[in-house]
Amino acid sequence: MTAKAAGWPARIERPLVLLIALHSFVVGLMLLLAPVWSAQFAGWKATGPEFFLRQAGVFHLILAVGYVVEHFRAGGVILLVTAKTTAFVFLLVSAISPEVPWAIPFSGATDGMMGLAAFLVHRRSRRAVSSSCS
């Protein structure tokens, strides 16, 4: 079945995954290429060793590639949903600490929304495909 026949969820799923991957890729590049500036932009006064910021950047790049590879090879979003859900929980729990920069709750909320959107669109897309095949 084609994406057009499966309806709007199937038509927007791939662009949605690509936009989420692009977001992670840009965050990764920022942390890798401009770690101190990125941390200060996010609201941290002290940044600590640049190594850990750059490591976080590489991690974001790997995840972005993983989202795209999984989706193009298997049509899945398990890695994306798992990563975004984990980030959502971690960041929002971290946000209850005193003196957290603005980026912590903001990133938690946006990661949660991205993960939820990918999950719901994927589930609806698969339902549309399976119901039309029966």
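Check the entry above for the structure.
Below is a summary of the structure that appears in this document. Values in this document were obtained by computation on a predicted structure and should not be read as measured data.

1. Comments concerning the overall build of the chain
For the chain, the helix and strand inventory stands at six helices and zero strands. For the chain, the sequential pattern of α-helices and β-strands runs α-α-α-α-α-α. Considered along the principal axes of its C-alpha atoms, the chain spans approximately 60 × 30 × 15 Å. For the chain, with 134 residues in total, the buried portion stands at 35%. If you take every contact in the chain between residues at least 6 apart in sequence, the share linking residues at least 24 apart comes to 64%. Of the accessible surface of the chain, which amounts to about 8300 Å², a share of 73% is contributed by carbon and sulfur atoms. Placing the 11 positive and 5 negative side-chain charges of the chain at their respective mean positions leaves the two points 15 Å apart.

2. Overview of the nonpolar core
By size, the foremost hydrophobic cluster in this structure holds 14 residues, and its most contacted members are L16, V17, I20, Y67, L80, V81 and A118. Breaking this core down by element, the ones donating at least two residues are α2 (8-33), α4 (50-74), α5 (78-94) and α6 (103-133). The element best represented in this core is α2, accounting for four residues. Once residues lying within four places of it in the same chain are set aside, the contact partners of A118 are L16, I20, V77, L80 and V81.

3. Concerning a nonpolar patch on the surface
Judged by side-chain polarity, L19, L22, F25, V26, L29 and L33 come together as a nonpolar surface patch covering roughly 560 Å² of accessible area. Considering the arrangement of structural elements, one finds L19 in helix α2. L19 sits in the exposed class, given a relative accessible area of 58%.

4. Thoughts on the packing of aromatic side chains
How two aromatic rings sit relative to each other is given by the distance of their centres and the angle of their planes. Inspection of every chain in the model, using the stated rule, returns four aromatic pairs. With centroids separated by 5.8 Å and ring planes inclined at 85°, the aromatic side chains of F41 and W102 adopt a geometry described as edge-to-face. Here W102 lies in the loop between α5 and α6 and F41 lies in helix α3 (residues 35-41), a separation of 61 residues in the sequence. Note on W102: relative accessible area 44%, which makes it partly exposed. Linked through ring pairs, W37, F41, W102 and F106 together constitute an aromatic cluster.

5. Here we look at the layout of surface pockets
Taken as a whole, the largest pocket spans an internal volume of roughly 1000 Å³. If you trace the largest pocket, you find 35 residues lining it, with V27, L31, H60, L91 and S107 closest to the centre. Within the residue set of the lining of the largest pocket, elements represented by two or more residues are α2, α3, α4, α5 and α6.

Reading guide: rules and limits
- Residues numbered from 1 in each chain as written.
- Predicted model: local features only at pLDDT ≥ 70, side-chain atom pairs only at ≥ 80, totals over all residues.
- Heavy atoms only, no water.
- Helix = DSSP H or I, 4+ residues; strand = E, 2+ residues; numbered from the N terminus.
- Buried < 20%, exposed > 50% of the residue type's maximum accessible area, 1.4 Å probe, protein only.
- Contact = heavy atoms within 4.5 Å.
- Areas by Shrake-Rupley, 256 points an atom, 1.4 Å probe, with all protein chains shown as cover.
- Lys, Arg positive; Asp, Glu negative; His and termini not counted.
- Charge placed at Lys NZ, Arg CZ, Asp CG, Glu CD.
- Core = buried A, V, L, I, M, F, W, Y, C linked by side-chain atoms within 4.5 Å.
- Patch = residues over 30% accessible without salt bridge, like charges linked within 9 Å, V, L, I, M, F, W, Y side chains within 5 Å.
- Salt bridge = Lys/Arg side-chain N within 4 Å of Asp/Glu carboxyl O.
- Phe/Tyr/Trp six-rings, centres within 6.5 Å; stacked < 30°, edge-to-face > 60°.
- 1 Å grid on protein atoms, 1.4 Å probe; cavity = no way out; pocket = protein on both sides within 12 Å on 5 of 7 lines; lining within 4 Å.
- Points joined across faces, edges and corners; volume = space filled by probe spheres on them.

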